[in-house]
Structures are given as structure tokens and as C-alpha cells.
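# Examining the three-dimensional arrangement
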Amino acid sequence: MNQNTQIALVTGASSGIGSATAKLLAESGFRVIGAGRNVEALETLCAALGDQFFPLALDVNDWDSVSTLFDRLPMEYHQIDVLVNNAGHDIGGRRRFDEGDVEQWVNIIETNISGVVRVTKLIVEGMVARGAGHVVNMGSVAGLHGYASGAMYSASKHAIHGFSESLRLDYVGSGIRVTEILPGLVKTQFAANRFSYASDNEEKAEEFYQSAGKWLIPEDIARSIVFALQQPENVTISQLVVVPS
Ligand SMILES: NC(=O)c1ccc[n+]([C@@H]2O[C@H](COP(=O)([O-])OP(=O)(O)OC[C@H]3O[C@@H](n4cnc5c(N)ncnc54)[C@H](OP(=O)(O)O)[C@@H]3O)[C@@H](O)[C@H]2O)c1
């Protein structure tokens, strides 16, 4: 491997935005560690991207899985320059708060906030030691404004907003940059997963997108991430709000 090749870890690379981001990063010259629980999907991506890509089994909700991450990585992938905290969900969401399931509500917080905290804590230590790195957190416009039937998802993305703002200030002058990406609606498996409590979840998801009338595609967000990463060292893209035209 070229010594100058940057290494990016993308969580939730098995689907949607994470998958498109892993692909575009690989095409842009990064070596990419694509992480997730669905190893079969990661291996399919690996077959398409070749040795630019390493599939990593990872459950961001499980500290044992996160803390042993380096044990499952070849040595040449240990120096992670870029962390894209993308894994997240709204499973059980789009319901009035009292109508939802408490385990599902708590799991949204576990994955979307605690998962980001676990992975960032592990990876940022190397960045601090090297005095260089870039953390990209996947926020949402739901992190700027609440909406009906979105209490937990919106709460989780508000937390990502605050986390990103504060993390950026922690590392001012250290060589570590922090970017928050805040997408509007993107067409992925996200909506079908959200409605997984219903047997017609795929239909519900399609209705949801059609009623919105317009949406982004994962590649739109992947481009925004690569744009933020490709800025010169003196430039930090602090936040990028990306919505359908
Ligand atoms: N779609 C939208 O409209 C939209 C808008 C704004 C922000 N976002 C954010 O964008 C991110 C990606 O969403 P998406 O739309 O691409 O949804 P998606 O297609 O459902 O992908 C979600 C990804 O998160 C991963 N994930 C979930 N739980 C995980 C866990 N415990 N450990 C590791 N990975 C886990 C999944 O991987 P495995 O199942 O393999 O673990 C999957 O790759 C999320 O943070 C979401 O909140 C989405």
C-alpha cells in the first residue's frame, strides 16, 4: 500500500449512505474499512471494490465488538485517518411517543448516540497521538428541528449536533477536524427498517417517500462527505445541510 494512502473507517457501510460513501471514498483513492453487522453485504461490496476495501464485522452497540476492532484489522489498516460515523436507525419510529416500544426507543439512543461515542473514543485516540484526523458525524435535519412522531430519532440527532459542535472545539489546533453532515430525506432502506413493526413495511416506506414527493439518493450524501474531506488543511467544513431541491 502507498504510505500516503488515507484510510477511512465507515460505520454502517452495508447499506444506503454508508455503502455509497465507502464506494466513492474507494474511487477517490482512500483505503476503506466498511463496518457493519451484515457481513454478507460488506463482502458483496468488497467483491466490487477489491483490495481498496476491507469488510469489518462491527456492532456499534456492543463495546466488546468495538473495543476489539483493531484485532480484526490487518496491520496496514490500523492508522485510521478518517472516521465516518454513519451507522444509525429509527427502527420503531414515526409513531407518537406513547405508542412506541420502549426497547426500540432506547435502542435508537444506543445506536445513534452511544454507538458514535464508543467508536469515536476508540479511533480518536490514534488521531490525537498522530496530531491528524477527520471525524465525520452523520447528523440529520432532524437534529435541527423536532417533528411529530420523531421524538427519539430527533433527540438522537440533536445529540449528534451537540456532540459534533463540542468535539470540533475540543480539537481546534490539534490537526483533527470534525464535520457534521445533516441530510434531509434520502431514499434508502432506512424507512422500511423504521416501519419493521408492520408486515407491509416496504409499502409503508414507499408511501412515505411518495408523499414527501422528493428525496436525495445516497450518492448525494457521499459526494458531500468527500467534498468535506478534500478541503485543504486550513479549511474545516463544520456542517453541511443537504436537502432535496
Ligand atoms: N435516509 C434518510 O433519510 C436519512 C436522513 C438523514 C440522516 N440519515 C442518517 O444516515 C445514516 C445512514 O442511514 P441510511 O439512510 O443509509 O439507512 P440504512 O440504509 O438503513 O443503513 C443503516 C446502516 O446502519 C447500520 N447499523 C445499524 N445499526 C448498527 C449497529 N448496531 N452496528 C453497526 N451498524 C449498524 C446498518 O448496518 P448493519 O445492519 O450491517 O449493522 C446499515 O448499514 C443514519 O445515521 C441515519 O440516521 C438518514
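Residues numbered from 1 in each chain as written. Predicted model: local features only at pLDDT ≥ 70, side-chain atom pairs only at ≥ 80, totals over all residues.

Moving on, we get to helix H8 (residues 218–229). The end-to-end C-alpha separation of H8 is 17 Å, in line with the 16 Å expected for 12 residues at 1.5 Å each. Along H8, the positions that sit buried rather than exposed are Pro218, Ile221, Ala222, Ser224, Ile225, Ala228 and Leu229. Take H8 and look down its axis: the buried residues cluster within an arc of 160 degrees, on one side only. At its buried positions, H8 is contacted by helix H1 (16–27), strand S4 (82–85), strand S5 (133–138), strand S6 (176–183) and strand S7 (239–242). (Helix = DSSP H or I, 4+ residues; strand = E, 2+ residues; numbered from the N terminus. Expected span 1.5 Å × (residues − 1). Buried ≥ 20, exposed ≤ 12 C-beta atoms within 10 Å, placed from the backbone. Arc of directions from axis to C-beta. Contact = placed C-beta atoms within 7 Å.)

Next up on the list: the sheet that holds S5. Read from one edge of the open sheet, 7 strands run S3-S2-S1-S4-S5-S6-S7, paired in parallel fashion. The open sheet terminates on both sides in strands that have one partner only, identified here as strand S3 (53–57) and S7. Neighbour to neighbour, the strand axes of the sheet diverge by 15 degrees on average, direction disregarded. Here strand S1 (residues 7–11) pairs with strand S2 (residues 31–36) via 5 bridges, running parallel. Considered in S2, the bridge of Val10 is made with Gly34. In the packing of helix H2 (residues 39–49) onto the sheet, contacts are made with S2 and S3, and the angle to S3 comes to roughly 175 degrees. (Pairing = 2+ DSSP bridges. Axes fitted to C-alpha atoms, helices over the stretch in contact; angles between N-to-C directions.)

What follows deals with the site of the ligand. Looking at the ligand, there are 29 residues lining it, with Gly12, Gly16, Gly36, Asn38 and Gly88 nearest. When contributions to the shell around the ligand are tallied by element, the ones reaching two or more residues are H1, helix H4 (102–130) and helix H6 (190–194). Ranked by the residues each element gives to the shell around the ligand, the list is headed by H1, at 3 residues. Partitioning the shell around the ligand into residue classes produces 9 nonpolar, 18 polar and 2 charged. (Near = placed C-beta within 6 Å. Nonpolar A, V, L, I, M, F, W, Y, C, P; charged D, E, K, R; others polar.)

Time to look at the pairing of S1. In terms of residue burial, S1 counts as a mostly covered element, since 5 of its 5 residues are buried. Residues Ile7, Leu9 and Thr11 point to one face of S1 and Ala8 and Val10 to the other, with burial holding for every one of them. You can see the chain leave S1, run along H1 and come back into S2, and the turn it takes is right-handed. When S1 meets S4, the two strands line up parallel, connected through 3 bridges. Residue pairing across strands places Val10 opposite Val84, the latter belonging to S4. (Right-handed = clockwise from strand over helix to strand, strands pointing away.)

Keep in mind these values describe shape, not function.
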